[in-house]
Amino acid sequence: RYPRHAPSRLLAALMAYEANDPSRAVEHLDTGLALDPVQPEAVILRSRISLEEGNVHFARKLLQDQVAIVPNDAQLHETLSSAYFMGEDYDAALRQLDTAERLGAKRGRLEYNRGVIQEGMGNSGVAAGHFKTAVTLMPYWPLPKARLEALETGEVTNAQAIAFPPPGTR
């Protein structure tokens, strides 16, 4: 009913994404961002879909542009860290997590992501420390437990996935 209402487009995109229809979600997000380019939530979801599709360059550029407009958004920095990680720029990824932490992002998720980055850098001991902290801060969350167990058993997998901020959590 309201095709030119950017928040409605974001909601429609969230619903499409949750229904496993990323193409439809992208249509809504691109239209919504054309209507109002200053939408951190829409940029986060749009970049997340791009990262899932393997388009790291597009996601990184989209996030960098939004951070330039809205520099005090913790979730933008956290998601930009994911883009840097996927592009194997680990130092930049860690710097973005530090910024996200200063801006109030959830520390448990940040510690998990730091662990994933350290694991990607080959620093298993440092990674394990971050995963242990994440488990302490968020004992109900299975991802850090699983990564910690994999490190302790010597399991090598390609399952090291960055944890994104949940879409639509503002």
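What counts and how
- Residues numbered from 1 in each chain as written.
- Predicted model: local features only at pLDDT ≥ 70, side-chain atom pairs only at ≥ 80, totals over all residues.
- Heavy atoms only, no water.
- Helix = DSSP H or I, 4+ residues; strand = E, 2+ residues; numbered from the N terminus.
- Expected span 1.5 Å × (residues − 1).
- Buried < 20%, exposed > 50% of the residue type's maximum accessible area, 1.4 Å probe, protein only.
- Arc of directions from axis to C-beta.
- Contact = heavy atoms within 4.5 Å.
- Salt bridge = Lys/Arg side-chain N within 4 Å of Asp/Glu carboxyl O.
- Polar contact = N/O pair within 3.5 Å; in protein donor to acceptor, adjacent residues only side chain to side chain.

Brief notes about helix α9 (residues 142–153)
Here is step 1: Between its first and last C-alpha atoms α9 spans 17 Å; for 12 residues at 1.5 Å apiece the expected length is 16 Å, and the two agree.
Here is step 2: The set of residues buried in α9 consists of Pro144, Arg147, Leu148 and Ala150. One side of α9 holds all its buried residues, which, seen down the axis, span an arc of 160°. Exposed residues on α9 whose side chains face more than 90 degrees from its buried face are Pro142, Glu149, Glu152 and Thr153.
Here is step 3: Contact partners of the buried residues in α9: α7 (107–120) and α8 (124–137).
Here is step 4: Just beyond α9, the residue with positive phi is Gly154, at close to 75°.

Thoughts on the pattern of salt bridges
Here is step 1: Going through the model one piece at a time under the given rule, you end up with 11 salt bridges.
Here is step 2: The salt bridge involving Lys61 is made with Asp65; its shortest N-O contact spans 2.8 Å. With Lys61 and Asp65 both in helix α4 (residues 56–69), this residue pair falls 4 residues apart, about one helical turn.
Here is step 3: Look at Lys61 and you get partly exposed, because its relative accessible area is 43%.
Here is step 4: Of the residues examined, Asp65 reaches a relative accessible area of 37% and is grouped as partly exposed.
Here is step 5: With a closest N to O distance of 3.1 Å, Arg114 and Glu111 form a salt bridge. With a gap of 3 residues between them, Arg114 and Glu111 both fall in helix α7, about one helical turn apart. Glu111 shares its class with Arg114; the two are buried.
Here is step 6: By sharing partners, the salt bridges in this structure join Asp98, Glu101, Arg107, Glu111 and Arg114 into a single network.

Notes on helix α5 (residues 74–86)
Here is step 1: The terminal C-alpha atoms of α5 lie 19 Å apart, and with 13 residues this matches the ideal 18 Å at 1.5 Å per residue to within 8%.
Here is step 2: Burial runs high along α5: 12 of the 13 residues are buried.
Here is step 3: Among the residues of α5, those classed as buried are Ala74, Gln75, Leu76, His77, Glu78, Thr79, Leu80, Ser81, Ser82, Ala83, Tyr84 and Phe85.
Here is step 4: On its buried side, α5 packs onto α3 (40–52), α4, α6 (90–102) and α7.
Here is step 5: With a side-chain oxygen positioned 3.0 Å from the backbone nitrogen of Gln75, the residue opening α5 is Asp73.

A closer look at unusual backbone geometry
Here is step 1: If you check the backbone angles, Asn20 has positive phi at about 60° while not being a glycine.
Here is step 2: Relative to the helices and strands, Asn20 resides in the loop between α1 (6–18) and α2 (22–35).
Here is step 3: Judged by its relative accessible area of 67%, Asn20 is exposed.
Here is step 4: The phi dihedral of Glu88 falls on the positive side, at around 60°, and the residue is not glycine.
Here is step 5: When you line up the elements, Glu88 lands in the loop between α5 and α6.

Take it as geometry only, folks, not as evidence of what the structure does.
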